[in-house]
Amino acid sequence: MNAITSKFPTAALIDGTWVTAQKSFSVSDPATGEEIARVPDLGADDARRAIDAAAKAFPAWAATPAKARAQILERWFDLITAETEALAQLMTAEQGKPLAEARGEVAYGASFIEWFAEEGKRAYGRTIPTTVASRRYITIKQPIGVVAAITPWNFPIAMITRKVASALAAGCTIVVKPSEETPLCALAVAKLAMDAGVPPGVFNVITSADAASVGNVLTSDPRVRKLTFTGSTEIGRLLYRQCADTIKKLTLELGGNAPLIVFDDADLKQAIAGTMASKYRNAGQTCVCANRIIVQAGIYERFTAALVDAVSSLHVAPGRDPRSTIGPLINADAAKKVESLISDAVSHGAKIRTGGAPDTQGALFYQPTVVTEVTPDMKIAQEEIFGPVASLIRFETEADAIRIANDTPFGLAAYLFTQNIGRVWRVAEALESGMVGVNEGVFSNEVAPFGGVKQSGLGREGAAEGLEEYLETKFICLGGIS
Ligand code: SIN
């Protein structure tokens, strides 16, 4: 342990108690490969204990007035905000993203807590005009119950707070299984939640390198009424199947293959700024990163030259280096995948305009890359790259752009750059995606519903829609009124 990791717990959290285990697993810094901490490697029995705790804590938390729950969440928001620097350093150490981005993620993660603290007070039911004179109809909103959350490594704080804050605001209790790549941030925010006054059992964290065993328990236990997952479509499909037997409610934030369309009439500066932000954030490791940059023939060469120029200003270095804008990839599999997609594209005729090779900074660093002459049938256009690689496809007409953009089983984010207001509406409506950025490369925030269509998932997170995911609507028919 070092100064960065020693400030926060390295034990798991069950029923308000910090839990260690005989078995542990290693958490390493992807920039150096060095171990930075060890955390308990919990298993199926521990997951069941965490569900026991969440089930026991549920009635009292559900009965706590929304205002009182909001006050605890507001304290949690304040504590996270006050610890921004320590949390950002921890995140950079275990996940690799540049410090400036890590600070941004702490603020982004905290924003969900602030938002849901308020929104929880507005879980309104309805009165419904009656159909029978002796009856009155009303609906009330109630928390769904115990929730299980399985969270990813690419946003190790925000993807936890986006789920936990909405669940807690609704009156649910929760068991979180964070990614084994980034458990430390999960434990850090859980500690701050305890400090803020979240009661024992309301928020539990199971650290484990055995995702399959823990996942099995979380998806099969009938007391868990909802599963929320952010990760790959492949694992999402498996969890969806596993939840079928107990008919759990599901939120699935899965893979994407985001098109970013640049029309001839785009403002070039705006299109480059948007592409840089969308593509190279977190070294290209977000589900909403532009994966296929679809550029109209009339602006293709100018756009390519300007993008290559902008990419040359990126600085590849460990995230703790203040100049870093591109950190390491998360692990060796991720690096291998980027290399194989590039070599497949080149073997089918794509051209590397800059980058295109591992970086000398270390095993998991990859040069920011621009590849042109990509065609929609290439693997690089069909699979999620999850690396700092912009792949450019050429198109001729608006109809072509829409057809290429929608020619994927995924539908999370899409982007378009144009100055034509009619085209904005036509294309935004035609794109098969849950979210569309118009002349913007980054749009995620706490007040907007985040989520996808097609095989990119189910449900929405953030915004009023995000609270609804943790609530049941109960209809009450009040009869015998004379
Ligand atoms: C993700 O990549 O899963 C989340 C990205 C975001 O919230 O912007």
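Residues numbered from 1 in each chain as written. Predicted model: local features only at pLDDT ≥ 70, side-chain atom pairs only at ≥ 80, totals over all residues. Heavy atoms only, no water.

Moving on to the domain arrangement of the chain. Frequently, the measure chosen for interface size is the accessible area that the parts lose on association. Taken as a whole, the chain is organised into domain 1 (12-254 + 456-475) and domain 2 (258-445). Using only C-alpha atoms to locate each centre, domain 1 and domain 2 end up separated by 30 Å. Facing 23 residues of domain 1, the contacting portion of domain 2 comprises 26 residues. Carbon and sulfur atoms make up 57% of the area that domain 1 and domain 2 hide from each other, which totals about 1900 Å². (Domains from an automatic or database assignment. Contact = heavy atoms within 4.5 Å. Buried area = accessible area lost by both parts, 1.4 Å probe.)

What follows is about the sheet that holds strand β22 (residues 471-478). Across the sheet, 3 strands lie side by side as β5-β6-β22; this open sheet has antiparallel pairing. If you trace the sheet from one side to the other, it starts and ends with β5 (126-128) and β22, each paired once. Direction aside, the axes of adjacent strands within the sheet are offset by 25° on average. (Pairing = 2+ DSSP bridges. Helix = DSSP H or I, 4+ residues; strand = E, 2+ residues; numbered from the N terminus. Axes fitted to C-alpha atoms, helices over the stretch in contact; angles between N-to-C directions.)

Turning next to the site of the ligand. Every residue near the ligand is listed here: Tyr108, Asn154, Phe155, Met159, Arg162, Thr230, Arg281, Thr286, Cys287, Val288, Ser444 and Phe450. Within the contact set of the ligand, an oxygen atom lies 3.2 Å away from a side-chain nitrogen or oxygen of arginine 162. Relative to its unbound accessible surface of 260 Å², the ligand loses 100% to contact with the protein. (Near = heavy atom within 4 Å. Polar contact = N/O pair within 3.5 Å; in protein donor to acceptor, adjacent residues only side chain to side chain. Areas by Shrake-Rupley, 256 points an atom, 1.4 Å probe, with all protein chains shown as cover.)

Residues Ile261, Phe303, Leu307, Ile380 and Leu392 are the most contacted members of the largest nonpolar core, which totals 67 residues. Beyond its immediate stretch of four places on either side in the chain, leucine 392 contacts Ile293, Val295, Tyr300, Phe303, Thr304, Leu307, Val370, Val371, Thr372, Glu373 and Val374. (Core = buried A, V, L, I, M, F, W, Y, C linked by side-chain atoms within 4.5 Å. Buried < 20%, exposed > 50% of the residue type's maximum accessible area, 1.4 Å probe, protein only.)

Let's shift gears to the pairing of strand β7 (residues 146-150). Of all the 5 residues making up β7, 5 are buried; the element is thus mostly covered by neighbouring parts of the structure. Burial along β7 is two-sided: Val146, Ala148 and Ile150 and Val147 and Ala149, pointing in opposite directions, are all buried. As judged from the 5 bridges shared by β7 and strand β8 (residues 173-177), these two strands associate in the parallel manner. Bridge pairing in β8 places valine 147 opposite isoleucine 174.

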